Every structure is written in C-alpha cells, then in structure tokens.
Amino acid sequence: MGVVTYSQEVTSVVAPSRIFKALVLESHNILPMIIPEGIKSVEFIEGHGGVGSIKKTNYGETAHIKYTKHKIDALDVDNYYCKYTLVESDIKFDKIDFIVEEVKFSAADNGCVCKMTSEYHVKEGAELKEEDIKKGKDKAMGLFKAVEEYLLVNPNVCA
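Residues numbered from 1 in each chain as written. Predicted model: local features only at pLDDT ≥ 70, side-chain atom pairs only at ≥ 80, totals over all residues. Heavy atoms only, no water.

(A) Broad picture of the pairing of strand β6 (residues 96-108). Pairing between strand β5 (residues 81-89) and β6: 6 bridges, direction antiparallel. For L86, the partnering residue across the bridge sits in β6 and is I99. Taken together, the 12 bridges between β6 and strand β7 (residues 111-122) define a ladder with antiparallel strand orientation. Bridging across to β7, I99 finds its partner in Y120. The antiparallel hairpin formed by β6 and β7 contains 2 residues in its connecting segment, where D109 sits at a positive phi of about 45°. (Pairing = 2+ DSSP bridges. Helix = DSSP H or I, 4+ residues; strand = E, 2+ residues; numbered from the N terminus.)

Set out below in structure tokens:
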C-alpha cells in the first residue's frame, strides 16, 4: 500500500471563522440548504460533531454517488482546523483503501486562505492517476465556491 498526497490552497474574501463554521461545524445544516440538488442531507450517525463523530452525507438523485461516511479525527475550532477520514461509501473503491483529509483556514488580507491536503491510501498493486484525483478536487472546489457565495450574499449566516 502506498500513499499519494495532494495539496491545494484557495483564497477567499470570507473570514476564516465564518467559512470554517459553514463548511465544518454547521455543514449538516448549511450544505443541504444551499445545494439541495447535490446534497440531500448530512447527519451524525455517531457523536455530535466532535472528535470521533461519524458524519453521513446523502447525495442527490443525479449524483454518481449515494452516500459517504467521514470520521472526524481531529478538530481545533480556535485554529480553524479539521482532519477527517472517508471511512465508507456506496461506491466500491478499486484503487483506494481510504482517504484522509486535512483542512486549515488562516486569516489573510480581508479574508482567508484555505489549505487542503488529501492522503489517498492506495491499495497494494494499484496505481492512482492524477485525473482520478482531479475529479474529486474539482467537486470539492465547486462546493467551496458555492458556500463562499452563499456567505457573501448572507452576511449574518455563521457570523
């Protein structure tokens, strides 16, 4: 088994406290509300959002995936940091055992910088291609931008 690491940074004009709250702490309320066609619901099936909690995301009818489950491995609310592991999905991964994600928001200018790092734990003998990773990252970036736009239009949300 090998590990393929992919990192990216994105800037936002939204304060780190607000975007962290929307994407991490309140995602179960925010995401289904702003992109109901993509995400039907997000629920905690274990815990209430702290370390060790497991969050299940149920995707919309047109999505290629029905659900994912993520376990929260680390959460530092004061420093806008979260680490979680994709532990289950309805899609059978033929190349990946699991994925560990780290997200860190830092203040910058009049907004923030979000650094995302993904560790793809690749199955023995499998090869993970750049285009496989890019598809997932493009969807994550679309989600990030949708939340950012929503927060800009609704300045009192997650304030």
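(B) Summary view of the packing of helix α1 (residues 16-25) against helix α3 (residues 130-153). Interhelical geometry of α1 versus α3 gives an angle of 125° and a closest axis separation of 10 Å. The orientation of α1 relative to α3 falls into the category oblique. The hand of the α1/α3 crossing is right-handed. Taking contact as the criterion, the partners of R18, I19, A22 and L23 in α1 are, on α3, F144, V147, E148 and L151. Tallied by class, residues from the contact of α1 with α3 come to 6 nonpolar, no polar and 2 charged. (Axes fitted to C-alpha atoms, helices over the stretch in contact; angles between N-to-C directions. Parallel < 35°, antiparallel > 145°, perpendicular 65-115°, else oblique. Left-handed = near helix turned anticlockwise from the far one by under 90°. Contact = heavy atoms within 4.5 Å. Nonpolar A, V, L, I, M, F, W, Y, C, P; charged D, E, K, R; others polar.)

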